[in-house]
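Structure at a glance
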Amino acid sequence: LAPGGLIGALARRQPIGVVACITPYNFPIVNLAGKLAPALAMGNTVVVRPAPQDPLAVIELVRILREEVGFPPGVVNLVTGSTPETGEALVESPDVDMVSFTGSTAVGRRIAEVGGRTMKRLLLELGGKGAGLVLEDADLDAAIRMIGSVWTFHSGQICTAPTRAIVHRSRFEELVEGLARFGASLRVGPPLDPKTVVGPVISAVQRDRIEAAIDAGRRGGGQVVLGGERPSLPERGYYVSPCLITARPEAEFANHEIFGPVIIAIPFEDEEEGVAIANQTEYGLYDYVFSRDTGRAMAISERLRSANVGINTTQRNHETPFGGTKQSGLGRDGGVFGLQAYSELQSVVWPG
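One structure accompanies this document, and this report is about it. Owing to the predicted nature of the structure, the values given are computational and were not obtained by experimental measurement.

**With respect to the overall build of the protein**
Scanning the protein for helices and strands turns up 11 helices and 17 strands. For 352 residues, the compact-globule estimate of 2.2 N^0.38 gives 20 Å, and the C-alpha radius of gyration of the protein, at 22 Å, lies within 12% of that figure. Each principal axis of the C-alpha distribution contributes one length, and for the protein these read about 75 × 55 × 35 Å. A total of 352 residues make up the protein; the buried ones form 49% of that total. The contacts in the protein between residues at least 6 apart in sequence include a share of 69% that link residues at least 24 apart. Separation between the mean location of the 33 positive side-chain charges and that of the 39 negative ones in the protein comes to 3 Å.

Below, the structure written as structure tokens:
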């Protein structure tokens, strides 16, 4: 094939080309920034498609980038639409080389199906059903505050939330009682009221989905310990009170994403069962372990089928690779991993 001898080589990162960034309604600016920055840094151009529920901030950001920052025409582009057809057209287009999507697993599956026809590169950050595994030696006050962030952070509309409190049976009643007290103290109301802690969810459609999930919990044998009724607030806004439901590990409703201020509490007998319950959902985005023995918690983290694990914290480190396993997505970004996600590896060889 060629004369023998040493062969020199290098591997370098090349732009992928045109990246379609399809963003969710929660964290519209933050989520888009996390896509735009690495995509542009690696030399790609971008087409942004914001969520139809709240596109205005994204539209303004794109305007600023073009008119005030001075990006050349065609580098950051925008398309909007109130139906799925807009996003599907981007995914189908042979002129788009990559799709970066954050949103539901159902839509992510559709993107993978349509994008696969043209072998698009995919970065899909999808749904979650985070387990908060509370061991018998956990600091319960801290665990309650952090699991309670399902209610206090974006009204539960966040895929990384610890929406399943999986608790050692010796501490189960104590934790449920603590969560119920904490949830009952949270004021539900308009977001511009400084006393409000839990604001509305995004739409009537989403509120109806959450209420349907709570009803499914009741029918599935769950006990509603807190909430479950629509709060009596002004008609403007779509409110759901913090809800806490206890459930059996095998309950079907306990393993589906609700995307609202609902916590499912499940007891376990021993560590083996606790890990099994955490892993039984189809999702694998973010799990949490609460224990005073950090060495034990670290060992348990290796057994969790989740791309991210927090130990005694619900904070994130944004330098770590972020993404999902199982039905929670494909690929990783975050920190330098974002530069890898929005680029192709190219190998170049030559005779030495």
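What follows continues from the structure just given.
**Things to note about the pairing of strand β5 (residues 98-102)**
Taken across its five residues, β5 has five buried, putting it largely inside the fold. Where burial is concerned, the two faces of β5 agree: the one with Met 98, Ser 100 and Thr 102 and the one with Val 99 and Phe 101 are both buried. Relative to strand β6 (residues 121-125), β5 is paired through five bridges, and the arrangement is parallel. Following the sheet pairing, Phe 101 is matched in β6 by Leu 124. Crossover handedness for the path β5 to helix α4 (residues 105-115) to β6: right-handed.

**Considering the sheet that holds strand β9 (residues 223-226)**
Spatial ordering of the open sheet is given by β9-β10-β11-β8-β7-β13-β14, a layout of seven strands whose pairing is mixed. Both edges of this open sheet fall to β9 and β14 (308-311), since each of them pairs with a single strand only. Each neighbouring strand pair of the sheet contributes to a mean axis angle of 25°, computed without reference to strand direction. Across three bridges, the pairing between β9 and strand β10 (residues 243-246) is antiparallel.

**A look at unusual backbone geometry**
The phi torsion at Met 119 lies on the positive side, around 55°, for a residue other than glycine. Met 119 sits in the exposed class, given a relative accessible area of 62%. The backbone phi angle of Asn 312 is positive, close to 55°, even though this residue is not glycine. By the secondary structure assignment, Asn 312 is in the loop between β14 and β15 (325-326).

**With respect to α4**
Every buried residue belonging to α4 is among Thr 105, Gly 108, Ile 111, Val 114 and Gly 115, and all of these are buried. For α4, the secondary structure elements touched by its buried residues are α3 (84-92), β5, β6 and β12 (283-284).

**Things to note about the pattern of salt bridges**
Scanning all chains against the criterion turns up 21 salt bridges. Residues Arg 110 and Glu 88 are paired through a salt bridge, measuring 2.6 Å at the closest nitrogen-oxygen approach. With Arg 110 in helix α4 and Glu 88 in helix α3, this pair connects stretches of sequence that are 22 residues apart. Residue class for Arg 110 comes out partly exposed when judged on its relative accessible area of 33%. When the shortest N-O distance is used, the salt bridge between Arg 230 and Glu 211 registers 2.8 Å. Note that Arg 230 is positioned in the loop between β9 and β10 and Glu 211 in helix α8 (residues 204-219), a separation of 19 residues in sequence. We classify Arg 230 as partly exposed; its relative accessible area is 46%. One continuous salt-bridge network, built from bridges that share partners, spans Glu 88, Glu 92, Arg 110, Glu 113 and Arg 117.

**As for the sheet that holds strand β4 (residues 76-78)**
Reading across from one edge, β4-β3-β2-β5-β6-β16 is the order of the six strands in this open sheet, with mixed pairing throughout. Two strands bound the open sheet, and with one partner strand each, they are β4 and β16 (329-330). Bridge count between strand β3 (residues 45-49) and β4: three bridges; the pairing is parallel. Residue pairing for β4: Val 46 is matched across the bridge by Val 76. Strand contacts of α3: β2 (18-22), β3 and β5, with the helix running at about 160° to β3, the strand carrying the most contacts. Across the sheet, α4 lies against β5 and β6, angled at about 175° from β6, the strand it touches most.

Calculation notes
- Residues numbered from 1 in each chain as written.
- Predicted model: local features only at pLDDT ≥ 70, side-chain atom pairs only at ≥ 80, totals over all residues.
- Heavy atoms only, no water.
- Helix = DSSP H or I, 4+ residues; strand = E, 2+ residues; numbered from the N terminus.
- Rg over C-alpha atoms; globule rule 2.2 N^0.38 Å.
- Buried < 20%, exposed > 50% of the residue type's maximum accessible area, 1.4 Å probe, protein only.
- Contact = heavy atoms within 4.5 Å.
- Lys, Arg positive; Asp, Glu negative; His and termini not counted.
- Charge placed at Lys NZ, Arg CZ, Asp CG, Glu CD.
- Pairing = 2+ DSSP bridges.
- Right-handed = clockwise from strand over helix to strand, strands pointing away.
- Axes fitted to C-alpha atoms, helices over the stretch in contact; angles between N-to-C directions.
- Salt bridge = Lys/Arg side-chain N within 4 Å of Asp/Glu carboxyl O.

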